[in-house]
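# Fold and geometry: a report
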Amino acid sequence: MREKKKRKKKKIIIAICIITGLFITLYFVLVNFLVSAALVPSFMRKLEAFERITDESYEAQVQTSDIKVNRQLALNETGEWLQTVNNQKISVMTDDGYKLIAKEFFVEEDSHKWLLLLHGYTGWKEEMYPFAYWYNTHGYHVIAPDLRCQGESEGDFIGMGWTDHYDCNLWIDYILSQDSEAEIVLHGQSMGAATALMMTGEVNLSENVVAVVSDCAYTDAYSMFGEKVKEWFYLPAFPLVDTACLVLRVRGGYNLKDASAIEAVQKSRVPTLFIHGADDAMISVQMTKDLYEAAACQKQLLIVEGAGHAQSQDKDPDAYYNTIMAFLEENIK
């Protein structure tokens, strides 16, 4: 009888171990799926996630007539400029063997003013060309890259600003190889803005980087990933995001918790203009307010009323570009 009970207990223990093992396996399969669905563009395309994210992002935007008119005007002017501006495609290689692509736009006059222009999550360089047009017509050489794993650039995972902020130093090196006296401005939107801010927290950032324009940045990738897990997949952030950090460190070589713009700006000495649309439904305007408060550098804050995510330049182009111009004139000596 006692031996029978022992065998029964052993079977129960084995069953529990098998069920637990299956649960853990399924859990990690789910987390791997979420990481790929959010950070691997080729996988996202198979799921049609790019299209869904684009559609949801558009629906979350402010759809007023002035934004639409100003956006179309900017696109028309940019299109005309692209027909005449002197430009070339350039590339660099990352330490882990990926080829990154950028478009370089030249100015006719002799100028030491340079711009590194950084797009957002699941974006590409071409959507940033209206900014390139404005800066170029104000005397800036412009480098507009595709961040790793996006556009024409190679990569394994979208970097959420962390791997990107290292990659972008390659573009800084390229600029300095062309002009050792370069005065470099970093202008980013969304993830590109967070990338620029993370760069300012590095002690070895080139002194040639003289200013940052941060448009609708997030405070940190960990918080953003948690919000999107709930919003896109209807799943709880905890403990999925913490497990995703572990999986991403193994698969992608970085931790979402490392990708913190708000920690970086606390160490920054680069003058920074923080911009955000008051009606941003994708990244809370409070994140930019928190970044502004935390920043240790010379700083300025512009909140554009009535603008959604990455729409400030279209909602009020005069205020947007005039503020940038005044900020750069004041802080670049």
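I will try to describe carefully the structure that is included in this document.

About the criteria used
Residues numbered from 1 in each chain as written. Predicted model: local features only at pLDDT ≥ 70, side-chain atom pairs only at ≥ 80, totals over all residues. Heavy atoms only, no water. Pairing = 2+ DSSP bridges. Helix = DSSP H or I, 4+ residues; strand = E, 2+ residues; numbered from the N terminus. Axes fitted to C-alpha atoms, helices over the stretch in contact; angles between N-to-C directions. Contact = heavy atoms within 4.5 Å. Phe/Tyr/Trp six-rings, centres within 6.5 Å; stacked < 30°, edge-to-face > 60°. Buried < 20%, exposed > 50% of the residue type's maximum accessible area, 1.4 Å probe, protein only. 1 Å grid on protein atoms, 1.4 Å probe; cavity = no way out; pocket = protein on both sides within 12 Å on 5 of 7 lines; lining within 4 Å. Points joined across faces, edges and corners; volume = space filled by probe spheres on them. Salt bridge = Lys/Arg side-chain N within 4 Å of Asp/Glu carboxyl O. Right-handed = clockwise from strand over helix to strand, strands pointing away. Left-handed = near helix turned anticlockwise from the far one by under 90°. Nonpolar A, V, L, I, M, F, W, Y, C, P; charged D, E, K, R; others polar. Core = buried A, V, L, I, M, F, W, Y, C linked by side-chain atoms within 4.5 Å.

## Here's the deal with the sheet that holds strand E8 (residues 299-304)
- Here we have eight strands laid out as an open sheet, ordered E1-E2-E4-E3-E5-E6-E7-E8, and mixed in their pairing. Of all the strands in the sheet, the pair left with one neighbour each is strand E1 (87-93) and E8. For this sheet, the mean angle separating the axes of adjacent strands, direction not counted, is 20 degrees.
- Of the pairings in the sheet, the one linking strand E6 (residues 209-215) to strand E7 (residues 272-277) comprises four bridges and is parallel in character. From the neighbouring strand, Val 212 faces E7, where its bridge partner is Thr 272.
- The sheet contacts of helix H6 (residues 162-178) involve E1, strand E2 (99-105), strand E3 (113-118), strand E4 (141-145), strand E5 (183-189) and E6, and relative to E1 the element is tilted by about 125 degrees.

## A word on the packing of aromatic side chains
- Under the defined criterion, the tally for this structure stands at 11 aromatic pairs.
- Aromatic pair Phe 131 and Tyr 320: ring centres 6.1 Å apart, planes at 45 degrees, arrangement tilted. With Phe 131 in helix H5 (residues 129-137) and Tyr 320 in helix H13 (residues 317-331), the pair connects residues that are 189 residues apart, well separated along the chain. For the residue pair Phe 131 and Tyr 320, the accessibility class agrees, reading buried in each case.
- Between the aromatic rings of Tyr 135 and Tyr 140, the centroid separation amounts to 5.3 Å while the plane-to-plane angle is 85 degrees, which identifies the pairing as edge-to-face.

## Some points on the layout of surface pockets
- The volume enclosed by the second largest pocket comes to roughly 280 Å³.
- At six residues, helix H4 (residues 65-82) tops the list of elements feeding residues into the lining of the second largest pocket.

## Structural notes on the pattern of salt bridges
- In this structure the tally under the stated criterion is 11 salt bridges.
- Residue Asp 167 is joined to Arg 148 by a salt bridge in which the shortest nitrogen-to-oxygen separation is 2.7 Å. Of this pair, Asp 167 sits in helix H6 while Arg 148 sits in the loop between E4 and H6; the two residues are 19 residues apart in sequence, bridging distant segments of the chain. Side by side, Asp 167 and Arg 148 carry an identical accessibility label, which is buried.
- Each of Lys 89, Lys 125, Glu 126, Asp 146 and Glu 152 takes part in a single network of salt bridges with overlapping partners.

## Some words on the pairing of E7
- Taking burial as the measure, the six residues of E7 include six buried ones, the bulk of the element.
- Where burial is concerned, the two faces of E7 agree: the one with Thr 272, Phe 274 and His 276 and the one with Leu 273, Ile 275 and Gly 277 are both buried.
- The handedness of the E7 to E8 crossover, carried by helix H11 (residues 285-294), is right-handed.

## Describing H5
- Judged by how many residues are buried, H5 sits mostly within the fold: seven of nine residues are covered.
- Among all positions in H5, only Tyr 129, Pro 130, Phe 131, Ala 132, Trp 134, Tyr 135 and Asn 136 are buried.
- Gly 139 sits one or two positions beyond H5 and adopts a positive phi of about 90 degrees.

## Overview of the packing of H4 against H5
- Relative to each other, H4 and H5 sit at 65 degrees, their axes nearing to 9 Å. Pair H4 / H5 crosses with left-handed handedness. Each of Arg 71, Leu 75, Glu 77, Thr 78, Trp 81 and Leu 82 in H4 lies in contact with H5, whose residues at this interface are Tyr 129, Pro 130, Ala 132, Tyr 133 and Asn 136.
- Here the residues of the contact of H4 with H5 are counted per class, giving seven nonpolar, two polar and two charged.

## A word on the side chain of Thr 288
- Residue placement: Thr 288 occurs in helix H11.
- With residues near it in sequence (within four places) discarded, Thr 288 still touches Cys 216, Ala 217, Phe 274, Ile 275, His 276 and Leu 301.

## Quick word on the nonpolar core
- Among the nonpolar cores identified, the biggest contains 65 residues, and Leu 39, Ile 143, Met 160, Leu 186 and Tyr 218 are the most heavily contacted of them.
- When residues in this core are grouped by element, the largest group, seven residues, is from helix H7 (residues 191-200).
- Ignoring sequence-local partners within four residues, the contact set of Leu 186 consists of Leu 116, Ile 172, Ala 196, Met 199, Val 209, Ala 211, Val 212 and Val 213.
- Ranked by size, the runner-up nonpolar core spans 29 residues in total, among them Tyr 135, Val 210, Val 213 and Ile 332.

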